[in-house]
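Listed here are the chains, written in short residue letters.
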Amino acid sequence: MESLTRIKVRYAETDQMGVVHHSVYAVYLEAARVDFLERAGLPYHRVEARGVFFPVVELGLTFRAPARFGEEVLVRTRLAGLSRRDLLFRYRVEREGTLLAEGFTRHLCQVGEKAGRIPEDLYQALSVLHLG
């Protein structure tokens, strides 16, 4: 499964050169990841309500072209890796077919306050997304 999340670049997200500041891309990826899970029928707020969390433990981004204030970017998100303890998401940030950035986030499963295994029902639901 791949989800498509549209984001309008706000003025506050740009730097003095008028381009989206590199730190903002992490926020875009988070919005796209939450949207991915929502569209897949796994709203993240409901996952957290069970005491299951997926904190980001690794983030990587490669920038190809700038995004600017007023533009609309499209974030393509897919679940690229799944184990019993972690998730790997991959992203492509585009503007009208032009690749702006690509990256990934890796998330460790946390149950309560400790690292743990992904609960079986959640793992099964995620495995369908990973294969799809």
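The name given to the protein in an unreviewed UniProt entry is Acyl-CoA thioesterase, with Thermus thermamylovorans as the source organism. The UniProt entry for the protein carries this comment under Sequence similarities (unreviewed entry): "Belongs to the 4-hydroxybenzoyl-CoA thioesterase family."

Draft legend 1. Just helix α1 (residues 24-39), in detail. Look at α1: 23 Å from first C-alpha to last across 16 residues, which is about the 22 Å you get at 1.5 Å a residue. Phi turns positive one or two residues past the end of α1, at Gly 41, with a value near 85°.

Draft legend 2. The arrangement of the environment of Gly 51 in detail. By the element assignment, Gly 51 lies in the loop between α2 (44-49) and β2 (52-53). Considering only alpha carbons, one finds Gly 51 and Val 111, 60 residues apart in sequence, at a separation of 5.8 Å. Ignoring anything within four residues of it in the chain, the contact list for Gly 51 reads Gln 110, Val 111 and Gly 112.

Draft legend 3. How the structure looks around the side chain of Thr 14. Within the secondary structure, Thr 14 is located in the loop between β1 (2-8) and α1. You can call Thr 14 buried: its relative accessible area is 17%. Of note is the side chain of Thr 14, whose polar atom sits 2.7 Å from the backbone oxygen of Tyr 11. Beyond its immediate stretch of four places on either side in the chain, Thr 14 contacts Val 9, Val 19, Val 20, His 21 and Phe 69.

Draft legend 4. The packing of aromatic side chains, seen in detail. Applying the stated criterion across every chain yields a total of five aromatic pairs. Centre to centre, the rings of Tyr 25 and Phe 63 are 5.1 Å apart; their planes meet at 75°, and the pair counts as edge-to-face. On the criterion of sequence distance, the pair formed by Tyr 25 in helix α1 and Phe 63 in strand β3 (residues 56-63) is long-range, its members being 38 residues apart. Judged by relative accessible area, Tyr 25 falls into the buried class, the value being 2%. Its end group placed over the ring of Tyr 123, Arg 84 keeps NZ or CZ at 3.7 Å from the ring centre.

Draft legend 5. Just the sheet that holds β2, in detail. Strand order in this open sheet of three strands is β2-β7-β8, and the pairing throughout is antiparallel. Unpaired on one side and paired on the other, β2 and β8 (114-115) mark the two borders of the sheet. Two elements, β2 and strand β7 (residues 110-111), share two bridges in a ladder whose sense is antiparallel. Bridge pairing links Val 52 to Val 111 in β7.

Draft legend 6. Spotlight on the nonpolar core. In terms of nonpolar packing, the biggest core is built from 32 residues, with Phe 54, Ile 118 and Leu 126 touching the most fellow members. Elements supplying a minimum of two residues to this core: α1, α2, β4 (72-82), β5 (86-95), β6 (98-108) and α3 (120-131). Among the elements that take part in this core, α1 stands out by supplying seven residues, more than any other. In contact with Leu 126, other than residues within four places in its own chain, are Leu 37, Leu 42, Leu 79, Leu 82, Leu 87 and Ile 118.

How each quantity is defined
- Residues numbered from 1 in each chain as written.
- Predicted model: local features only at pLDDT ≥ 70, side-chain atom pairs only at ≥ 80, totals over all residues.
- Heavy atoms only, no water.
- UniProt positions renumbered as here; feature names shortened; annotations may be inferred.
- Helix = DSSP H or I, 4+ residues; strand = E, 2+ residues; numbered from the N terminus.
- Expected span 1.5 Å × (residues − 1).
- Contact = heavy atoms within 4.5 Å.
- Buried < 20%, exposed > 50% of the residue type's maximum accessible area, 1.4 Å probe, protein only.
- Polar contact = N/O pair within 3.5 Å; in protein donor to acceptor, adjacent residues only side chain to side chain.
- Phe/Tyr/Trp six-rings, centres within 6.5 Å; stacked < 30°, edge-to-face > 60°.
- Lys NZ or Arg CZ within 6 Å of the ring centre and 35° of its normal.
- Pairing = 2+ DSSP bridges.
- Core = buried A, V, L, I, M, F, W, Y, C linked by side-chain atoms within 4.5 Å.

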